[in-house]
Amino acid sequence: MQGRPAINSFTIMNELVLPNDTNSFGNLMGGRLMYWMDIAAALSAMKHSNTPCMTASVDNISFKNPIKLGNIVHIEAKVTRAFHTSMEIYLKVWGEDSLHQYQYESNEAYFTFVALDPNGKPRPVPVLIP
Ligand SMILES: CC(C)(COP(=O)(O)OP(=O)(O)OC[C@H]1O[C@@H](n2cnc3c(N)ncnc32)[C@H](O)[C@@H]1OP(=O)(O)O)[C@@H](O)C(=O)NCCC(=O)NCCS
């Protein structure tokens, strides 16, 4: 199988924090952010493997700063390691306050995804070309 450059898996996802996404303090709910991160990581894994992928594991996620209602969420995802059928995906998340024009770190994490064949069984992925 031909290797694939890391840049191919680069994914940027943006979301706007709306009232239904927040807790009672007006901050983005952690669970909602993890849901968006899971989608961004899945897209990145699918771009590398060119096949449907499943979340196998998520490492530690610690939230440095809350993302406020009305702010923009930026999620950057890329495959940083390809194994046999699994891939490591690095995610970086930050918020943007467009009213006061500044950006701030939210969190970063590593996810592991497994590429699947049409029978739902793990299938080999291309080598990652740095
Ligand atoms: C992930 C899954 C597809 C792996 O299938 P499996 O039959 O256990 O396959 P294997 O044991 O051959 O593992 C396949 C690959 O996944 C990796 N893997 C399996 N479980 C893992 C875990 N918990 N964390 C990290 N990697 C894992 C293995 O190391 C292997 O990697 P490699 O081929 O690159 O060496 C299967 O365990 C599964 O479907 N889990 C549920 C996933 C799910 O429901 N996700 C949504 C969250 S609700």
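Above: the structure in question.
Small disclaimer: the values here were computed from a predicted structure and weren't measured.

Participant: What is the right way to look at the site of the ligand in this model?
Facilitator: Taken together, Met54, Thr55, Ala56, Ser57, Phe83, His84, Thr85, Ser86, Thr112, Val114, Leu116 and Pro122 make up all the residues around the ligand. Here threonine 85 contributes a side-chain N or O atom positioned 2.6 Å from an oxygen atom of the ligand. For the ligand, the accessible surface in isolation is 930 Å², of which the surrounding protein chains cover 41%. When contributions to the shell around the ligand are tallied by element, the ones reaching two or more residues are β3 (53-58) and β6 (102-115).

Participant: Please clarify how the pattern of salt bridges should be interpreted in this entry.
Facilitator: It is possible for side chains of opposite charge to pair when their charged atoms get near one another. Summed over the entire model, instances satisfying the criterion amount to 2 salt bridges. Here lysine 64 makes a salt bridge to glutamate 105, at a shortest N to O gap of 2.8 Å. Here lysine 64 is found in the loop between β3 and β4 (72-82), whereas its partner glutamate 105 is found in strand β6, with 41 residues between them in sequence. Under the relative-accessibility criterion, glutamate 105 is labelled partly exposed at 47%.

Conventions adopted
Residues numbered from 1 in each chain as written. Predicted model: local features only at pLDDT ≥ 70, side-chain atom pairs only at ≥ 80, totals over all residues. Heavy atoms only, no water. Near = heavy atom within 4 Å. Polar contact = N/O pair within 3.5 Å; in protein donor to acceptor, adjacent residues only side chain to side chain. Areas by Shrake-Rupley, 256 points an atom, 1.4 Å probe, with all protein chains shown as cover. Helix = DSSP H or I, 4+ residues; strand = E, 2+ residues; numbered from the N terminus. Salt bridge = Lys/Arg side-chain N within 4 Å of Asp/Glu carboxyl O. Buried < 20%, exposed > 50% of the residue type's maximum accessible area, 1.4 Å probe, protein only.

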